[in-house]
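For reference, the chains in residue letters:
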Amino acid sequence: MPAAPDARRDAWARFVKRVTDNARTTRGWTVPMIAEETKRRAARGNGVSVSPATIYRWINGEWETSPSADAVEAFCDTNDIPVVAAFAILWPGKTGRAKVPEPMPIDPDFETLLRRLQDPNVSEAEKYHIRETIRTLAARPASRERPTGS
């Protein structure tokens with residue numbers, strides 16, 4: 001049975017307080033410094049930023065809806081804390097993000113085209129023609145006839 005929202009809120013507040021206290025003790029980081037680090041990481045394409053106000057709301061247990069998984073992950077990554085620990089508090093039974101489905105197999109012809117588009121030895125003019133041909137084919141209405149032979 002999942003924990004009651006108030007129990008989760010209180011447990012999350014204690015968790016965030018422990019993490020920020022540890023960051024202050026071990027790294028000399030304040031809450032605004034933690035937030036700034038999440039902002040720097042987000043600017044490099046590593047997640048989202050978490051504002052100081054958000055972190056203070058978490059510490060004080062003053063949030064109406066659960067924090068976003070992205071914000072929790074950014075907070076944990078910045079503080080070198082396994083995100084699983086936070087997820088276990090906020091979403092009991094959830095140990096991580098949903099698994100990314102396996103990619104569908106790619107037709108060998110498409111693999112050839114992709115290789116040519118990525119090959120530095122193929123001229124830009126040739127790459128342009130490949131892309132334009134693909135766009136033209138993609139814009140064609142779907143045909144119900146199946147080709148014979150091949």
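Everything discussed here concerns the structure shown above.
Residues numbered from 1 in each chain as written. Predicted model: local features only at pLDDT ≥ 70, side-chain atom pairs only at ≥ 80, totals over all residues. Heavy atoms only, no water.

## A word on the overall build of the protein chain
Assigned secondary structure in the protein chain consists of 7 helices and 0 strands. Scanning the protein chain from its N terminus toward the C terminus, one meets helices and strands in the order α-α-α-α-α-α-α. For the protein chain, the accessible area works out to roughly 10900 Å², and carbon and sulfur atoms hold 55% of it. (Helix = DSSP H or I, 4+ residues; strand = E, 2+ residues; numbered from the N terminus. Areas by Shrake-Rupley, 256 points an atom, 1.4 Å probe, with all protein chains shown as cover.)

## Notes on the packing of helix α6 (residues 108-118) against helix α7 (residues 124-139)
Look at α6 against α7: their axes get within 9 Å of each other, and the N-to-C directions meet at 145°. Every pair of crossing elements has a handedness; the one defined by α6 and α7 is left-handed. Listed contacts from α7 to Leu113, Arg116, Leu117 and Gln118 of α6 are Glu126, Lys127, Ile130, Arg131 and Ile134. Looking at side-chain class alone, the contact of α6 with α7 contains 4 nonpolar, 1 polar and 4 charged residues. (Axes fitted to C-alpha atoms, helices over the stretch in contact; angles between N-to-C directions. Left-handed = near helix turned anticlockwise from the far one by under 90°. Contact = heavy atoms within 4.5 Å. Nonpolar A, V, L, I, M, F, W, Y, C, P; charged D, E, K, R; others polar.)

## Notes on the nonpolar core
In terms of nonpolar packing, the biggest core is built from 27 residues, with Trp12, Phe15, Val16, Ile55, Trp58 and Val72 touching the most fellow members. Contributions of two or more residues to this core are made by α1 (5-27), α2 (31-43), α3 (52-60), α4 (69-78) and α5 (83-90). When near neighbours in sequence (up to four residues on either side) are disregarded, Val16 contacts Ile55, Trp58, Ile59 and Phe75. (Core = buried A, V, L, I, M, F, W, Y, C linked by side-chain atoms within 4.5 Å. Buried < 20%, exposed > 50% of the residue type's maximum accessible area, 1.4 Å probe, protein only.)

## Observations regarding a nonpolar patch on the surface
A surface patch of nonpolar side chains, about 290 Å² in accessible area, is lined by Ile106, Phe110 and Leu114. Take Ile106: it is sitting in the loop between α5 and α6. (Patch = residues over 30% accessible without salt bridge, like charges linked within 9 Å, V, L, I, M, F, W, Y side chains within 5 Å. Salt bridge = Lys/Arg side-chain N within 4 Å of Asp/Glu carboxyl O.)

## Section: the packing of aromatic side chains
Tallying each qualifying case throughout the model produces 5 aromatic pairs. When the ring of Trp12 is compared with that of Phe15, the centres are 5.3 Å apart and the planes differ by 20°; the resulting orientation is stacked. Of this pair, Trp12 and Phe15 both sit in helix α1, 3 residues apart, roughly one helical turn. Taken as a pair, Trp12 and Phe15 share a single burial class, namely buried. Judged by centre distance (5.6 Å) and plane angle (85°), the ring pair of Trp58 and Phe75 falls under edge-to-face. (Phe/Tyr/Trp six-rings, centres within 6.5 Å; stacked < 30°, edge-to-face > 60°.)

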